[in-house]
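# Per-entry structural report
Okay, here's what each chain looks like letter by letter:
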There are 2 protein chains.
Amino acid sequence: MDTNKNRFCVIMAGGIGSRFWPASRRSLPKQFLDIMGTGKTFIRHTFERFAPIIPAENFLVVTNAAYRQLVLEQLPELSTEQVLCEPIGRNTAPCIAYAAFRLKAQHPDAVMVVAPSDHYIFDEEEFRRNIESCMEFVQQRDALMTIGIRPSRPDTGYGYIQTDAREEIAPVASFREKPDLQTAMSYLAAGNYLWNAGIFVWSNRTILAALERHLPEVYRLFAERADEFGTPREGKAVGEIFAVSPSISIDYGVLERADNVYVRSSDFGWNDVGTWGSLYELSPKDSDGNVVPERIQTYETTGCMIKAPQEKAVVVDSLHDYIVVDTPDALMICPRSREQHIKQVLEDMKQMDDGRFV
Amino acid sequence: MDTNKNRFCVIMAGGIGSRFWPASRRSLPKQFLDIMGTGKTFIRHTFERFAPIIPAENFLVVTNAAYRQLVLEQLPELSTEQVLCEPIGRNTAPCIAYAAFRLKAQHPDAVMVVAPSDHYIFDEEEFRRNIESCMEFVQQRDALMTIGIRPSRPDTGYGYIQTDAREEIAPVASFREKPDLQTAMSYLAAGNYLWNAGIFVWSNRTILAALERHLPEVYRLFAERADEFGTPREGKAVGEIFAVSPSISIDYGVLERADNVYVRSSDFGWNDVGTWGSLYELSPKDSDGNVVPERIQTYETTGCMIKAPQEKAVVVDSLHDYIVVDTPDALMICPRSREQHIKQVLEDMKQMDDGRFV
């Protein structure tokens with residue numbers, strides 16, 4: 001337990017993801033919802049996944065100021081100071097820099113795992129074993145570690161990590177953007193490509209050094225105000241830093257440029273649950289391929305996912321491969337194959353009714 | 001106006017029609033709804049259609065006891081005594097007998113039009129001219145009159161009336177049940193078949209005599225309690241009569257058996273709005289053949305009718321020839337071609353949740 005004292009978990013929870021509309025809204029994004037119907041929200045699952053190996057007081061949640069209250073409600077184990085508020089989203093590099101500078105003075109020996117708040121992990125025991133082995137690795141070495149998932153299919157919705165070797169922990173050869181199907185199939189065949197889960201492990205010293213070297217502009221913004229972190233002036237400083245900081249991802253800004261990046265190849269079952277379609281793929285289906293609560297009446301209906309308020313009577317006849325999401329103030333009916341179209345729908349909707357449904 | 005004093009209108013409003021589920025419910029059937037979106041309910045339209053030619057105090061509405069309050073709310077011009085309550089629906093013959101016996105003592109010279117409460121009439125002026133000509137006809141003759149609509153298409157959803165001659169008012173040769181398409185086409189070609197609109201005109205004397213002759217069992221039930229009509233004992237008498245009365249339509253029980261039945265052939269534009277599909281056919285459509293309020297966003301969607309609460313955001317993508325009806329506690333998605341299936345759906349639904357959604 002002594003080693004745990006220096007172990008921190010940074011949960012990134014600033015997303016305003018629109019792809020689960022109308023279940024998700026700007027005012028209530030995916031990480032605060034129980035989209036999977038497990039009885040717990042994504043961020044709650046994320047917290048509980050790490051809680052056995054990280055002390056509750058060593059969690060930091062970085063989120064938008066608008067969601068501070070939601071975080072504190074859903075994670076009552078945390079104190080207000082553990083919720084770091086971004087005044088504006090600037091992608092993952094400034095988000096991670098914020099957490100690193102918060103820890104710098106008081107916890108110089110911190111080792112941290114950085115994780116999104118809205119992914120799904122199947123085998124949580126195995127996941128924790130992976131994270132702990134990564135933490136041990138970065139405690140002994142100046143390494144930036146990522147988690148790579150051994151791919152089970154040629155998914156075109158994920159980024160890939162190419163490794164040099166097939167060891168459990170190996171140096172990263174390159175990061176690859178979301179590929180087309182042909183490329184994804186060649187990755188699968190090659191065997192040394194892993195899905196980029198967006199989960200990172202490093203010591204605070206290592207990430208600060210990497211930021212200083214590869215993103216000096218971002219680093220300097222934080223470093224100039226380093227004295228104010230952990231003081232009542234932090235909020236003002238962060239507001240001014242984020243106002244001028246570039247918006248850049250940690251992958252693009254740091255990991256793709258650094259030469260001390262390693263990947264832990266893993267097999268704990270992972271899904272970013274990025275779209276209604278991926279939720280459909282994940283979910284148990286009935287014999288007609290439907291993901292439909294029992295109380296919903298379907299006739300001649302196959303391949304559909306239907307969500308509606310518990311207390312509502314729903315009858316669906318002769319629908320094939322659609323997503324139907326009904327909420328008290330919005331209804332969406334959309335083919336599964338057209339779910340990427342939801343973003344356009346929301347753009348259109350922003351023009352209507354002062355965007356109050358978005 | 002003097003002749004009007006003996007003119008009565010009997011509105012039959014006892015239907016519990018299930019075919020407009022989920023907009024209609026047993027507790028709020030079609031006649032009390034503004035399904036067409038005109039700003040007025042069907043029964044209100046029906047009342048206003050006759051009001052220029054029938055004094056308000058000469059209306060009788062026959063309905064189920066459960067709907068008495070709805071009738072009085074929607075037709076505040078009527079007094080409580082003008083709402084005749086059936087304890088149980090026994091089809092149209094007992095319903096009409098009830099109205100006839102109510103009028104018998106006080107209005108022996110009454111001439112009445114009997115009309116459903118939930119049909120749509122396009123040209124109301126022309127409609128009233130038709131009804132008035134029928135009323136004049138039955139004032140001079142011992143005739144049972146029906147309104148026949150000159151068919152504009154081989155509709156298989158309506159009953160037909162075969163006439164002997166092509167005069168505006170002609171004796172009825174026969175009543176025909178809903179035909180198959182081939183038969184309907186032959187009716188249209190023959191030229192002497194009319195749609196049976198279920199609207200009747202007769203004097204009270206004539207209908208009472210016809211009931212006595214052709215439905216003596218029903219007639220006798222009412223005749224034995226005739227003294228109690230218009231007294232405080234009427235409700236009890238009606239309860240006992242309906243409890244034992246056969247359930248039979250005026251068409252089958254009287255009109256098909258009588259030899260003094262005439263039909264007024266008419267062309268005022270009529271639709272019984274019997275199903276979601278017929279409402280779709282009736283409604284103005286956009287260039288994609290959709291019947292959809294402007295605030296509903298459709299993409300790649302054609303031939304659909306979509307109804308939802310005014311205040312709800314609705315997005316429909318790539319749907320063709322469906323009916324979508326959303327209400328606060330129920331949602332139905334059904335192909336237009338399968339709307340006859342709704343009855344089965346409701347049967348299934350009666351098994352669920354104590355039938356509270358039916």
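Look up: the structure comes first, before these words.
Criteria and cut-off values
Residues numbered from 1 in each chain as written. Chains lettered and ligands numbered in written order. Predicted model: local features only at pLDDT ≥ 70, side-chain atom pairs only at ≥ 80, totals over all residues. Heavy atoms only, no water. Helix = DSSP H or I, 4+ residues; strand = E, 2+ residues; numbered from the N terminus. Contact = heavy atoms within 4.5 Å. Axes fitted to C-alpha atoms, helices over the stretch in contact; angles between N-to-C directions. Parallel < 35°, antiparallel > 145°, perpendicular 65-115°, else oblique. Left-handed = near helix turned anticlockwise from the far one by under 90°. Nonpolar A, V, L, I, M, F, W, Y, C, P; charged D, E, K, R; others polar. Buried area = accessible area lost by both parts, 1.4 Å probe. Salt bridge = Lys/Arg side-chain N within 4 Å of Asp/Glu carboxyl O. Buried < 20%, exposed > 50% of the residue type's maximum accessible area, 1.4 Å probe, protein only. Pairing = 2+ DSSP bridges. Least-squares fit on C-alpha atoms with pLDDT ≥ 70 in both.

### Quick notes on the environment of Pro284(A)
On the secondary structure map, Pro284(A) appears in the loop between helix H10 (276–282) and strand E12 (297–299). Every residue in contact with Pro284(A), bar those within four places of it in the chain, is listed here: Asn290(A) and Val291(A).

### As for the packing of helix H3 (residues 92–104) of chain B against helix H8 (residues 234–244) of chain B
Residue and element names in this part refer to chain B. For the pair H3 and H8, the least separation of the axes is 12 Å and the interaxial angle reads 150°. Relative to H8, the element H3 lies roughly antiparallel. Like other packed secondary-structure pairs, H3 and H8 cross with a definite hand, here right-handed. Two secondary-structure elements touch here, H3 through Pro94, Cys95, Tyr98 and Arg102 and H8 through Glu234, Val238 and Phe242. Split by residue class, the contact of H3 with H8 holds 5 nonpolar, no polar and 2 charged.

### Topic: the interface of chain B and chain A
The interface of chain B with chain A comprises 34 residues on the first partner and 34 residues on the second. When chain B packs against chain A, the two sides together hide about 2,800 Å² of surface, and 58% of this comes from carbon and sulfur. Lys312(A) serves as the salt-bridge partner of Asp326(B), at 2.6 Å between the closest nitrogen and oxygen. Mapped by element, the contributors of at least two residues to the side of chain B that touches chain A are strand E12 (297–299), strand E14 (313–317), strand E15 (322–327), strand E16 (330–335) and helix H11 (342–350) of chain B.

### Digging into the pattern of salt bridges
By the definition in use, this model includes 47 salt bridges over all chains. Residues Glu228(B) and Arg233(B) are paired through a salt bridge, measuring 3.8 Å at the closest nitrogen-oxygen approach. Judged by relative accessible area, which is 13%, Glu228(B) ranks as buried. Given the relative accessible area of 46%, Arg233(B) is considered partly exposed. Overlapping salt bridges bring together Arg225(A), Glu228(A), Arg233(A), Lys236(A) and Glu240(A) as one network.

### Concerning the sheet that holds strand E15 (residues 322–327) of chain A
The strand order across the open sheet formed by 5 strands is E13(A)-E15(A)-E16(A)-E14(B)-E12(B), and the pairing between neighbours is mixed. Among the strands making up the open sheet, the edge pair consists of strand E13 (305–307) of chain A together with E12 of chain B. Within the sheet, the average angular offset between the axes of one strand and its neighbour, ignoring direction, is 5°. Contacts between helix H11 (residues 342–350) of chain A and the sheet are confined to strand E16 (330–335) of chain A together with E12 and E14 of chain B, with E12(B) contributing the most and set at about 145° to the helix.

### Regarding the relation of the copies chain B and chain A
Rotating chain B by 180° and moving it 0.0 Å along the rotation axis overlays it on chain A with an RMSD of 0.1 Å. What we have between these two chains is a two-fold relation. Proximity to the rotation axis, assessed at the C-alpha, singles out Pro328(B) in chain B; its C-alpha lies 3.7 Å from the axis. When the interface residues of chain B are mapped onto chain A, 100% of them again lie at the interface, so the same face is used by both copies.

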